[in-house]
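# Structural overview
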Amino acid sequence: MKLHSTSESSEAYIALGANLGDRERTLMDAIDRLHAHSQITVLRCSSLYETEPVGYADQPLFLNMALAMRTTLSPHELLSVMQAIEQVLGRVRNILNGPRTLDLDLLWMEGQVESTPDLILPHPRMEERAFVLVPLNDIVRQGETSGLDSVVTTAIERLDGKEGIRLWTTCNWQIASEHSES
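Residues numbered from 1 in each chain as written. Predicted model: local features only at pLDDT ≥ 70, side-chain atom pairs only at ≥ 80, totals over all residues. Heavy atoms only, no water.

## Description of the packing of helix α3 (residues 130-139) against helix α4 (residues 148-158)
- Put simply, α3 and α4 touch, their axes get as near as 10 Å, and they point 135 degrees apart. Comparing their axes, α4 and α3 come out oblique. When you trace α3 past α4, the crossing you get is left-handed. Contacts between α3 and α4 involve L133, L136 and N137 from the first element and V152, A155 and I156 from the second.
- Partitioned by chemical class, the residues of the contact of α3 with α4 number five nonpolar, one polar and no charged. (Axes fitted to C-alpha atoms, helices over the stretch in contact; angles between N-to-C directions. Helix = DSSP H or I, 4+ residues; strand = E, 2+ residues; numbered from the N terminus. Parallel < 35°, antiparallel > 145°, perpendicular 65-115°, else oblique. Left-handed = near helix turned anticlockwise from the far one by under 90°. Contact = heavy atoms within 4.5 Å. Nonpolar A, V, L, I, M, F, W, Y, C, P; charged D, E, K, R; others polar.)

## Some words on the environment of L20
- Within the secondary structure, L20 is located in the loop between β1 (10-18) and α1 (23-36).
- Leaving out residues up to four positions away in the same chain, L20 has contacts with P60, P99, R100 and T101.

## A word on the packing of α1 against helix α2 (residues 75-88)
- Between α1 and α2, the shortest axis-to-axis distance is 10 Å and the interhelical angle comes to 140 degrees. Classified by the angle their axes make, α1 and α2 are oblique. Along this stretch, α1 crosses α2, giving a crossing that reads as right-handed. Of the residues in α2, those in contact with A30, R33 and L34 of α1 are V81, M82, I85 and V88.
- Across the contact of α1 with α2, the residue classes tally to six nonpolar, no polar and one charged.

The structure is reproduced here in structure tokens:
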């Protein structure tokens, strides 16, 4: 097993969703907490989209978005940080695909492939979900070296059911724009 070197950084993409409480504020709090981690730098955030629930339908509409970040964490370490943030911001796992204050999913990490009981990379259902693909398309750069750009483009072209997702607002996370100017 290859040990992760903390001197190497990787670009990672995550999906964020919330449908309980102040959804937009919770998403911005999650971004703040990710960016505040010493081994994570948030690079880009997508617009926020309001989406219909998938699976368990008897719940409020979601706000969904995606982030690109640079990190020296391994995929499992990043997942652990994400799960800790979910907990701090009130995530309770009672109903599969049920209502939640926050959901953070690691989608892609420099094209790495993982298959363990707690983490599968690339995310196994990201290519089937408009609420993941549309925000991801906002932030994935064309010519991205790991091939994520072509994965997203191809998946969006063949995706049925793009209805049920509408632009809510652009990302107003202030630190993101301030950080990119420094």
